[in-house]
Amino acid sequence: MKRIHLIASKGLMLVMAILMACQVTAQKQMEYLDRGLVAANNEIGQVFISWRLLGTEPDDLAFNVYRQKGEQEAQKLNSAPIISSTNYTDKTPSSGDDIRYFVKAVENGKEIEASKAVSVWKENFLSVPLNTPEGYSPNDLSVGDLNGDGQYELIVHMTGRGHDNSHDGYTDDPIFHAYTLEGEFLWEINLGKNIREGAHYTQFIVVDMDGDGRSEFACKTADGTVDGKGNVIGDASKDWRNEQGRILDGPEFFTVFDGMTGEALATKDFIAGRGDICGWGGEGGNGGNDCKGNRVDRFLAGAAYLDGKLPSVLMCRGYYGRTVIAAWDYREGKLSSRWVFDSEGRENPFSGQGNHSLSINDVDKDGKDEIVYGSMTVDDDGTGMYSTGLRHGDAGHITHFNPQYPDQLVWSIHENETNEEGYGVALFNARTGEILWGGEEGKDVGRGLAIDIDPTNTGMEMWWNGQNGLYNIKGERIGKNPRSTNFAIWWDGDLLREILDRNFIDKWDHEREEQVRLFTAEGCVSNNGSKANPGLSADLFGDWREEVIFRTEDNQSLRIFTTTIPTENRLYTLMHNPQYRMSIAWQNVGYNQPPHTDYYLGEGMEMPHKPNIKVQKPVQ
């Protein structure tokens, strides 16, 4: 058994009771979403119907479900308005291709709104055809309402030949495509030869930056980038690649694109520039420094409600040593820098604390987001809040792991092979940085998960690579651990989370201590080698549970899978939880990590707080 260290918390409950008494008045603006109705055949020929409860709607809103055949009068299927869930199974469906379903919201006993009618999926997935360029494959995905119709569109990172930063070699141009869920191709953006392809270079964010109800697309650009209208950014004649295929010279830009057309809306010089190529080293998980670009060209990105109202985009450079986080606003057609955080200097306590991903969380509950950047956290105003000193790592998870603890917690995985005293795994307070417990000193621990998989144990369980055991929130070993550590998904009917790895979903049998297969996406494959993540996992439509998107084996289409398992658990759509929504925006970044809510979602949970949000419906 691995040695685990416990560190006591003092006075925390009193402090948080005072903080929680404060009233937050600012409302975060979020996407207008339609009912997200989906109807799919289950394994025994019944039709499973599922829809959204929006974060702006009353808790007691009820629903009626209707089935319509052709032009015949619609038939109400439920005998009493449905209040305990947001799904329904039609156990005696009518036959034919002209069957459609819709739901009507019921408030105070009166039907007030009808959803769009939908046809029935023949299976539990939606197939989206792609225009995949020759030699490329669809990789990371994001979603946003690009055209303002209340449903999501897909943004696909098409990847060809790529290289890790530690490797020499030329790469193919990074390409992005946008599609509707019906498979309509919207645009292509080609970043060109002066942006290198690889997991650490080509970070992108899709979010509504200006509050007009339509999402923008934002990323780093360079000479020769071509937008969705065919316009060139910079000088297309320039080739800044050196003999090793690296790009260590030439201008760097940050561009915001129109989500509907792919047209470049605004471009500024990228912050931070390269400066001294040798100036990005420092204390980190694997220490040292280099002058070949392996540290200067490490990028992350995110989106955060820094003013508590609209999302800003974060473009981040460096995490092994120096880290720069630049916050950008796009408002009323203008792109501007909000603030810049810089950890320059080896003696800086924020040096070398970054991860291969980041997380956006309102850790101090002031209505504005902070940036949990691996082992450190930056406040909404761009100032450092704390550094744990645990240094660089590969994975991290932030949410309310413990329903009996007032703060969100961080489950962090580290590469501390050069530091005998440094933890390889640790649980710390997301607001204060206080380390609650840790283990695996001096070890390089590659992956780890923290989700609720055992209903007999309070809070979420944690484990990491190898047969080290399953641990509770107190740091106590409670049994064997699952073998999978990559991803997670809410899929079946209970409040526990399932294990998502490669192209399958497993349930953890806590009594037999083994994974039990629930679902396999036949004909589909995962991305990014051993990381084995899907294109995206998110609550895209239907009730609060998550969908998962995989590419097909031939790379010519995407399949969006949804659950057809009934549930009596009723929550508002996760996409109207601001922390969860921002985590979908950054899920594609670096080493993909699963999303989490800002409340405890697991066995024994209380009803979550209603989100303090408003939505903006675009003018059509």
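On a predicted model such as this, the values are computed, not experimentally measured, just so you know.

A. Examining the environment of Ser359 more closely. For Ser359, the location among the structural elements is in strand E26 (residues 359-361). A sequence separation of 17 residues divides Ser359 from Met376, and the C-alpha atoms of the two residues are 11 Å apart. Once residues within four sequence positions are removed from consideration, Ser359 is found in contact with Glu370, Ile371, Val372, Ile398 and Trp586. Reaching out from Ser359, the side chain makes a polar contact with the side chain of Asn361 at a distance of 2.8 Å.

B. Quick look at the nonpolar core. Phe401, Trp411, Leu540 and Leu601 are the most contacted members of the largest nonpolar core, which totals 71 residues. Examining the composition of this core, we find that four residues originate from one element, strand E8 (residues 99-107), more than from any other. Core analysis: the next-biggest nonpolar cluster, separate from the first, contains 42 residues, Phe254, Ala304, Met582 and Trp586 among them.

C. The sheet that holds strand E24 (residues 324-331), seen in detail. With antiparallel pairing, four strands are arranged side by side in an open sheet as E22-E23-E24-E25. Each edge of the sheet is formed by a strand with only one pairing partner; in this case those strands are strand E22 (299-304) and strand E25 (334-342). The sheet shows a mean angle of 20° between the axes of neighbouring strands, direction not considered. In this sheet, E24 lies alongside strand E23 (residues 312-317) in antiparallel orientation, the contact comprising five bridges. Across the sheet, Cys316 pairs through a bridge with Ile325, a residue of E24.

D. Focus on the side chain of Ser557. Relative to the elements of secondary structure, Ser557 occurs in strand E45 (residues 557-561). Leave out the neighbours within four places in its chain, and Ser557 touches Ser127, Val128, Pro129, Leu130, Phe550, Arg551 and Thr552.

E. A look at the environment of Phe487. Positionally, Phe487 belongs in strand E38 (residues 487-489). Phe487 sits in the buried class, given a relative accessible area of 0%. It is 6.2 Å that separates the C-alpha atoms of Phe487 and Ile499, two residues lying twelve residues apart in sequence.

F. Expanded view of the state of the cysteines. Summed over all chains, the structure comprises one disulfide. Disulfide pairing is shown between Cys278 and Cys291; the S-S distance is 2.1 Å. Handedness of the Cys278-Cys291 disulfide follows from its S-S torsion of about 130°: it is right-handed. Of this pair, Cys278 sits in the loop between strand E21 (264-269) and E22 while Cys291 sits in the loop between E21 and E22; the two residues are 13 residues apart in sequence, bridging distant segments of the chain.

G. Region of interest: the sheet that holds strand E41 (residues 514-520). Spatially, the four strands line up as an open sheet ordered E38-E39-E40-E41, and their pairing is antiparallel. The sheet is open, and its two borders are formed by E38 and E41, each paired with just one other strand. Each strand of the sheet is rotated relative to its neighbour by a mean of 40°, with strand direction disregarded. Across three bridges, E38 lies against strand E39 (residues 498-501) in antiparallel orientation. Bridging from a neighbouring strand, Phe487 pairs with Leu500 of E39.

H. Here's a closer look at unusual backbone geometry. Following Ile271, the chain continues into Ala272 via a peptide bond in cis, with omega recorded as 5°. Unlike most non-glycine residues, Arg502 shows phi in positive territory, near 50°. One can find Arg502 in the loop between E39 and strand E40 (504-509). On the basis of relative accessible area, Arg502 is assigned to the partly exposed category, the value being 43%. Positioned with a positive phi, Asn555 is a non-glycine residue whose angle comes to about 65°. Inspection of the secondary structure puts Asn555 in the loop between strand E44 (547-552) and E45. Asn555 gets classed as buried once you look at its relative accessible area, which sits at 15%.

I. Seen up close, the confidence of the model for the protein. Averaged over every residue, the pLDDT of the protein is 93; the share at 70 or more is 94%. Below a pLDDT of 50 lies the segment residues 1-24, which in the model reaches 50 contacts outside its immediate sequence neighbourhood of four places, other chains included.

The rules we used
- Residues numbered from 1 in each chain as written.
- Predicted model: local features only at pLDDT ≥ 70, side-chain atom pairs only at ≥ 80, totals over all residues.
- Heavy atoms only, no water.
- Helix = DSSP H or I, 4+ residues; strand = E, 2+ residues; numbered from the N terminus.
- Contact = heavy atoms within 4.5 Å.
- Polar contact = N/O pair within 3.5 Å; in protein donor to acceptor, adjacent residues only side chain to side chain.
- Core = buried A, V, L, I, M, F, W, Y, C linked by side-chain atoms within 4.5 Å.
- Buried < 20%, exposed > 50% of the residue type's maximum accessible area, 1.4 Å probe, protein only.
- Pairing = 2+ DSSP bridges.
- Axes fitted to C-alpha atoms, helices over the stretch in contact; angles between N-to-C directions.
- Disulfide = S-S within 2.5 Å.
- pLDDT = per-residue confidence, 0-100.

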